[in-house]
Amino acid sequence: MAAKVITVTSGKGGVGKTTTTANIAVALSMDGAKVVCLDGDIGLRNLDVVMGLENRIVYDLVDVVEGRCRLRQAMIRDKQNSELYLIPAAQTRDKNAISPSDMVRLCDELRPDFDWILIDSPAGIERGFRNVIAPADIVLVVTNPEVSAVRDADRIIGLVESEEKGPARLVINRLNSSMVKRGDMLSVDDVTELLAISLIGIVPEDESVISSANRGQPVVNDTKSRAGMAFRDIARRLRGEDVPFPPMEVKDDFFKKLFRVN
Amino acid sequence: MPGWMDRIAGTHTSSANLAKERLKLVLIHDRTDLTSEDVDHLKDELMQVIRKYIDIDPGEVSILVNHDGREQRLVADVPLRAGQRRRVG
Ligand SMILES: Nc1ncnc2c1ncn2[C@@H]1O[C@H](COP(=O)(O)OP(=O)(O)OP(=O)(O)O)[C@@H](O)[C@H]1O
Ligand SMILES: [Mg+2]
């Protein structure tokens, strides 16, 4: 085994990086892959609560880097998926506690034992960004269909290119198809045309994302959730399957109106 | 909030279209880090250099930032006046 490292990042904060990381990780492991998630958001850890593993933390990523524990000791096994692990971020330190080469070394140590290594990123373009981008084989940029998020995504996509980690692939999160139909939200086509990179996922705005996070159960576990389905599709595309995008924003058509669930 | 009347009458530009047009301009600026003033200065200086060697018509010169996907390029189109070829070589 030689894991691929996927870094999930964004320009603007709060667009759904942690949600995306947790859900793709669970989706990949549900299909039998061995997956480890690294929370790269040092000082603002969140991946643990979204995955429902916050009570099991003993050691964290900075403990590993500073030699207070072995890598295995910092790995928390998921409750449902026996082949899914989390290495949490330190909560009381800042991003200067680790360096890009620490992250590369850590991932190289994990690679032989896993199929996928997923890294959640802090918002922004400073040191934290360089840490999480250094080991990446694949970079996913998450954005929302809003002006500020798209603008900041463009900035990050440029930085990923200049670090020679491109081309990044785009996840459009929190798409509200009824707003798109009304002409009050940028469409998927608008966003991909502006950013000019290839799309890997379209995740609808979906209340079940929040209720699942409340329970510490990523939404992919919910087979009825549309967001969950979108994350499962991203996982399949990462594995190289050709999964068509569901038509989401056909302008007001009669049947869609009749059968619309939301 | 525009009502359904506006929409049917087509008098209202959707906020999504507005967002897209605004973003197009913002992104060109963000990506190149060049203001249109910078481009004008660049054009003037470039023209001075070219004119040291060949005779050109400044009105015919176009210098633009083009983009193809995420790639930006500075494209200069400088038509040469007839009879210039001898001096260029
Ligand atoms: N598709 C969605 N539908 C509804 N809510 C969502 C969706 N995606 C994310 N959210 C909610 O948006 C909030 C921010 O998401 P998340 O924490 O994943 O963003 P982030 O990019 O990791 O933020 P930060 O930059 O602070 O790390 C959360 O409350 C999450 O539940
Ligand atoms: Mg986060």
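Model, not experiment: these values are computed from the prediction. (Residues numbered from 1 in each chain as written. Chains lettered and ligands numbered in written order. Predicted model: local features only at pLDDT ≥ 70, side-chain atom pairs only at ≥ 80, totals over all residues. Heavy atoms only, no water.)

## A few points about the domain arrangement of chain B
All names here are of chain B.
Move 1: Domain boundaries assigned for chain B yield domain 1 (1-33) and domain 2 (34-81).
Move 2: Each partner contributes residues to the interface: domain 1 has 5 residues there, and domain 2 has 8 residues.
Move 3: Considering only the side of domain 1, the residues that lose the most area to domain 2 are Ile28, Arg31 and Thr32, jointly responsible for 76% of the buried surface there.
Move 4: Here domain 1 and domain 2 share 0 salt bridges between them.
Move 5: The residue makeup of the side of domain 1 that touches domain 2, split by class, is 1 nonpolar, 2 polar and 2 charged. (Domains from an automatic or database assignment. Contact = heavy atoms within 4.5 Å. Buried area = accessible area lost by both parts, 1.4 Å probe. Salt bridge = Lys/Arg side-chain N within 4 Å of Asp/Glu carboxyl O. Nonpolar A, V, L, I, M, F, W, Y, C, P; charged D, E, K, R; others polar.)

## Looking at the site of ligand 1
All names here are of chain A.
Move 1: Around ligand 1, the surrounding shell holds 17 residues, and the nearest of these are Gly14, Lys17, Thr18, Thr19 and Asn173.
Move 2: One of the backbone nitrogen or oxygen atoms of Val15 is found 3.2 Å away from an oxygen atom of ligand 1.
Move 3: Within the backbone of Asp206, an N or O atom sits 3.0 Å from a nitrogen atom of ligand 1.
Move 4: When ligand 1 is considered free in solution it has 640 Å² of accessible area, and contact with the protein chains removes 80% of it.
Move 5: Within the residue set of the shell around ligand 1, elements represented by two or more residues are α1 (17-30), β7 (169-175), β8 (199-204) and α10 (207-215).
Move 6: The element best represented in the shell around ligand 1 is α1, accounting for 3 residues.
Move 7: Here the residues of the shell around ligand 1 are counted per class, giving 6 nonpolar, 6 polar and 5 charged. (Near = heavy atom within 4 Å. Polar contact = N/O pair within 3.5 Å; in protein donor to acceptor, adjacent residues only side chain to side chain. Areas by Shrake-Rupley, 256 points an atom, 1.4 Å probe, with all protein chains shown as cover. Helix = DSSP H or I, 4+ residues; strand = E, 2+ residues; numbered from the N terminus.)

## As for the nonpolar core
Residues and elements named next belong to chain A.
Move 1: In terms of nonpolar packing, the biggest core is built from 38 residues, with Trp116 and Leu118 touching the most fellow members.
Move 2: Not counting residues up to four positions away in its chain, the partners in contact with Trp116 are Ala3, Lys4, Ile6, Leu28, Ala33, Lys34, Val35, Val36, Ile138, Leu238 and Arg239.
Move 3: Counting residues in each nonpolar core, the second largest holds 27 residues, with Ala136, Val141, Ile172 and Leu175 among its members. (Core = buried A, V, L, I, M, F, W, Y, C linked by side-chain atoms within 4.5 Å. Buried < 20%, exposed > 50% of the residue type's maximum accessible area, 1.4 Å probe, protein only.)

## Considering the packing of aromatic side chains
Residue and element names in this part refer to chain A.
Move 1: Within the structure shown, the criterion is met by 1 aromatic pair over all chains.
Move 2: Judged by centre distance (5.9 Å) and plane angle (80°), the ring pair of Tyr85 and Phe114 falls under edge-to-face. Residue Tyr85 is found in strand β4 (residues 84-87), and its partner Phe114 is found in the loop between α5 (100-110) and β5 (116-120); the two are separated by 29 residues along the sequence. Across the pair, exposure class does not vary: Tyr85 and Phe114 are buried alike.
Move 3: Between the NZ or CZ atom of Lys34 and the centre of the ring of Phe114, over which it lies, the distance is 5.7 Å.
Move 4: Arg237 extends its terminal NZ or CZ atom over the ring of Phe245, reaching a point 3.9 Å from the ring centre. (Phe/Tyr/Trp six-rings, centres within 6.5 Å; stacked < 30°, edge-to-face > 60°. Lys NZ or Arg CZ within 6 Å of the ring centre and 35° of its normal.)

## Some words on the packing of helix α7 (residues 147-162) of chain A against helix α2 (residues 15-32) of chain B
Move 1: Relative to each other, α7(A) and α2(B) sit at 25°, their axes nearing to 10 Å. Taken together, α7(A) and α2(B) sit at an angle that is classed as roughly parallel. In this structure, the crossing between α7(A) and α2(B) has a hand that is right-handed. Each of A:Val147, A:Val150, A:Arg151 and A:Asp154 in α7(A) lies in contact with α2(B), whose residues at this interface are B:Ala19, B:Leu23, B:Val26, B:Leu27, B:Asp30 and B:Arg31.
Move 2: Across the contact of α7(A) with α2(B), the residue classes break down as 6 nonpolar, no polar and 4 charged. (Axes fitted to C-alpha atoms, helices over the stretch in contact; angles between N-to-C directions. Parallel < 35°, antiparallel > 145°, perpendicular 65-115°, else oblique. Left-handed = near helix turned anticlockwise from the far one by under 90°.)

## Digging into the interface of chain A and chain B
Move 1: Across the boundary between the two partners, chain A contributes 17 residues, which contact 13 residues of chain B.
Move 2: Taking both sides of the interface into account, the surface hidden between chain A and chain B amounts to around 1,500 Å²; carbon and sulfur atoms contribute 56%.
Move 3: Considering only the surface of chain A that becomes buried against chain B, A:Arg151, A:Asp154 and A:Leu194 emerge as the three largest contributors, covering 36% of it.
Move 4: The interface formed by chain A and chain B includes 6 salt bridges.
Move 5: Of the charged contacts, one joins A:Asp154 and B:Arg70 as a salt bridge, the two residues approaching to 2.9 Å between their closest N and O atoms.
Move 6: Elements represented by at least two residues in the side of chain A that touches chain B include exactly α7 and α9 (188-195) of chain A.

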